[in-house]
Every structure is written in C-alpha cells, then in structure tokens.
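Okay, here's what each chain looks like letter by letter:
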Amino acid sequence: MHKHTDESNPTKKHRRMLVAESDRLSYVGQNFGAGALKCNNLCKYYVGVLNKQTMQMEVHRAQLFNMQPFIPGETTEVAKPQDTTQTHREKVDSLIEAFGTNKQKRALSSRRLNQVASDTLHQAVAKAANTVISQKGLEALEQEVAETNSQADSALHLPPCNANADEPENVYPLDGLLSPVDYQALEQAGAKMAALTPEELQKMKDEGRSLSIMKHLENLPSAGEDREKIARCAFYLSLLLKLARQRNITHKFGQVDGCPRIIQSKVFRTFTVDTFNTGRVQNVVSASMRTKLAAHCLALLLHMGQMTADLTLLHRDLGITEAKMIEIAKSMGLTLVKQSRGKADKAGLQDEHRQASLVLPLVKYEQFTERRKRRKMH
C-alpha cells in the first residue's frame, strides 16, 4: 500500500495505491484516476477479522481496489479530460454517435452535411461580395441597388414595355393594353362614343366627367382607323377612370354603359383584388391598383394623342395628386413639358398644364433619396 507524499493537500492525502505480486504477474490498483471504482465515494466498506486467540471479530475500515495486471514496458492510456467548452447540442450529438439509433445517426449526418454546405456557401458569397466591392466600390453598388429596387417597384404597375423599340408606338404597344380580342369586342361600344352629339359632349364637360377624354372626342377624325381606335380607347379609358373613383366594385359594374362581358372580366382580373367581407367575396381597388390604373390610362392617352398626354387633366380625372401623376410618368420614362394654356372659363385665369410625351430614347430620372441627419447627443 502506497500513499501520496503531500498529506497537506486535502485532495491528495487520501490517494492510495495497492500493489500485489504473484508468481507470474504484478497487479496494481488505485483509488483515484480513471481506473478507480466510483463505489468508494458512495458508501463506506468494513472488513471483519476473526481473532483466533480471543475468538472475537474485529471490524476495520476497508477500500475496494480494481486490481489490473501490470506488464513492464506497456504504456497505460491516459484518459482525455472532458471538454468543458462543448455546447449542449455538441454533447447530445456525441451521445447520439455513441448510443443513438440508426435513424438518429442518419439525421445527425444529414444535419452536419447541410451545415457544411451552408458554411461553404456563406464563405463563397462573402468572398464574391468582397471581390465585387473592391472592384466597383461601395457607393456604386449602393446606387445600383437603389436603381434595381426602383425598377422592381415600378415594374409592378407599368404596362408591358419594350424599351428597345424603334418606334414610340411600340414602347407601350396597344396590344399590351388591349388584346386583339378585346379591341374587337369594343367595336359597338366605341361606335356609341363616336356617335355622341356636341350637346351630349358639352353636357358631360359641364358635369366635369372625364375631361381628358372630352378633348379627344371633340377632335375625332372624320373617318378611318384612327377614328375607330380613338373611340374604342376612349370607352375603355372612361371605364378605367370610373373604376379608379370607386372603392368596392359590384358585378354590375359597366353594364349600364354597355360594357362587353369580356372587358368587364379583364378589368376585374387586372385592376382589382379579391377580399372577403361580411361573408362574401368582393372586388376592391387597392392603392397599388390605383397606381396601376393611372399608368395604363396614361399609356392609352399616349396612343390617343400621338404619343402626348395631358397629365393635369388625367390626375384630376383619376382623383390623385399631381405629384403622384408626375412620379408615374417619370417611372414610364416620359418627357415632361409644362405648357401654358389660354384664358379659360369666365374667370380668365391662366391654367398651366403639364404634358408628357414619349420620346426615344426613354428618359432615366435619378432617384431622389432623402438622408436624415442624426441628432448630436450632448
């Protein structure tokens, strides 16, 4: 029996090492370290020794030792200390590796593979981003992101656009606004618009209804395809302007005006959203749909007025602000002109109207971003 020399240390003074020899091998056991039995810490052991002279049993304290054979020259494997920096997830994974079922081990392997792939992807993206930033610069990238975001936002409400067209009429083609089937369905309704008398037009003008359309109906060509095109577009435009003024749309919308069923379905499908209210589905014109309506109305006016439209009259008919109308015209790449009109009405006031023209190449307006100043903390 050997004991530790440092008896003043409370953690070492109870360490003991037992050595036993036989004819063939030597055995070594200890009460500390990896080879020690844990039962010594849980309870106390006693051994009884019979004194043959007095025939009395003497009880002495005892310890259990796990005696292992000792072979000279053989190195004992030192147990690795437990890693205290491991997280709960890592400890659970270690238990699954050692004692988990096959299903748990497959799930662990799949999760680790996904984690490695994700880390590799993040590293590749970070490396590519650093390369692009070093080549272009941070300010140039921020400008490109702002332009991309503005184009994505504007593309949601713009009509079909062909920016590489050779003719202004093909930039926002009429077929993108009215398909050939829709255009053919408007034949009868367009004929009614073209047949309006000057008295009926004056009455509509006095009521302030669709002033942007009245100007074209008053100056209709006498005959030909242009007259039919303007009349059909005028009816469709009047329908869109009427839609923009309403909030909740019923299924009887446009029937009083003689709107074809195919055009009514097109309007509902393109410019309204479905909402569930009071136990039924309703068609509603949302704020984004009003912007889309304004863009399509402006494109129709361009085709009706030889690629020129009056923004002032249009924003009044739509019931939106002039600033919003100008913003939509800029997103479509139109050229803005402020034109002064003569004396109007009995007041004799000058009324300046903004005109928008489609001129190739399209105008690219700079996006204005407001930067707020931070307050200084004192």
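Residues numbered from 1 in each chain as written. Predicted model: local features only at pLDDT ≥ 70, side-chain atom pairs only at ≥ 80, totals over all residues. Heavy atoms only, no water.

Details of the overall build of the chain
In terms of helices and strands, the chain carries 13 helices and 12 strands. For the chain, with 378 residues in total, the buried portion stands at 28%. In the chain, once contacts between residues fewer than 6 apart in sequence are set aside, the share between residues at least 24 apart is 54%. Split by element, the accessible area of the chain, about 27100 Å² in all, is 52% carbon and sulfur. (Helix = DSSP H or I, 4+ residues; strand = E, 2+ residues; numbered from the N terminus. Buried < 20%, exposed > 50% of the residue type's maximum accessible area, 1.4 Å probe, protein only. Contact = heavy atoms within 4.5 Å. Areas by Shrake-Rupley, 256 points an atom, 1.4 Å probe, with all protein chains shown as cover.)

Concerning the nonpolar core
Core analysis: the largest hydrophobic core is formed by 60 residues, its most contacted members being Y236, V267, L298 and M332. It is helix α9 (residues 225-244) that contributes the most residues to this core, 12 residues altogether. (Core = buried A, V, L, I, M, F, W, Y, C linked by side-chain atoms within 4.5 Å.)

Quick look at the packing of aromatic side chains
In total, this model carries one aromatic pair according to the counting rule given. The interplanar angle of 35° and the centroid separation of 6.4 Å between the aromatic rings of F253 and F268 together place this pair among those described as tilted. Taken together, the positions of F253 in the loop between β7 (248-249) and α10 (261-271) and F268 in helix α10 put the pair 15 residues apart, joining distant regions of the chain. Residues F253 and F268 agree in their burial class; the two are buried. (Phe/Tyr/Trp six-rings, centres within 6.5 Å; stacked < 30°, edge-to-face > 60°.)

Points about the sheet that holds strand β1 (residues 2-3)
One open sheet accounts for four strands, arranged β1-β2-β3-β6; its pairing is antiparallel. Sheet topology places β1 and β6 (68-70) at the edges, where each strand pairs with a single neighbour. When strand β2 (residues 16-21) meets strand β3 (residues 26-30), the two strands line up antiparallel, connected through five bridges. Its bridge partner being in β3, A20 is matched across the sheet by Y27. (Pairing = 2+ DSSP bridges.)

Thoughts on the side chain of H216
Along the chain, the position of H216 falls in helix α8 (residues 211-218). A relative accessible area of 11% means that H216 is categorised as buried. Excluding residues within four positions of it along the chain, H216 makes contact with I230, L301, M304 and G305.

Things to note about helix α6 (residues 187-194)
For α6, the complete set of buried residues consists of A189, G190, M193 and A194. Looking straight down α6, one finds that the buried residues subtend no more than 140° of arc, so they occupy a single side. Buried-residue contacts for α6 involve α8 and α9. (Arc of directions from axis to C-beta.)

Considering the environment of R354
Of note, R354 is situated in strand β12 (residues 352-357). For the pair R354 and D310, spaced 44 residues apart in sequence, the C-alpha separation works out to 6.1 Å. In this structure R354 touches A309, D310, L311, T312, E322, I326, V337 and K338, once residues within four positions along its chain are discounted.

Looking at a nonpolar patch on the surface
Nonpolar side chains collect at one region of the surface, where Y46, L50, M55, M57 and V59 lie side by side and expose about 560 Å² of accessible area between them. Of all the secondary structure elements, the ones that give two or more residues to the nonpolar patch are β4 (45-51) and β5 (56-62). In this fold, M57 is placed in strand β5. (Patch = residues over 30% accessible without salt bridge, like charges linked within 9 Å, V, L, I, M, F, W, Y side chains within 5 Å. Salt bridge = Lys/Arg side-chain N within 4 Å of Asp/Glu carboxyl O.)

Some details on the sheet that holds β7
Read across the sheet, three strands follow the order β7-β9-β8 without closing on themselves; strand pairing throughout is antiparallel. With one partner strand each, in any of the chains shown, β7 and β8 (273-277) form the two edges of the open sheet. The sheet contact formed by β7 and strand β9 (residues 280-284) spans two bridges and is antiparallel. Bridge pairing in β9 links I249 to N283.

Concerning the environment of M17
Note on placement: M17 falls in strand β2. For M17, a relative accessible area of 29% corresponds to the partly exposed category. When sequence neighbours within four positions are dropped, the list of residues in contact with M17 reads M1, H2, V28, G29, Q30 and F32.

Considerations on the confidence of the model for the chain
With 84% of its residues at a pLDDT of 70 or more, the chain has an overall mean of 80. Taken as a whole, residues 343-350 scores under 50 in pLDDT and shows six contacts with residues more than four places along the chain or in a different chain. (pLDDT = per-residue confidence, 0-100.)

A short note on the pairing of β4
Direction of pairing for β4 relative to β5: antiparallel, over a ladder of seven bridges. Paired with V49 across the strands is E58, a residue of β5. What sits between β4 and β5 in their antiparallel hairpin is a turn of four residues, with M55 showing a positive phi close to 55°.

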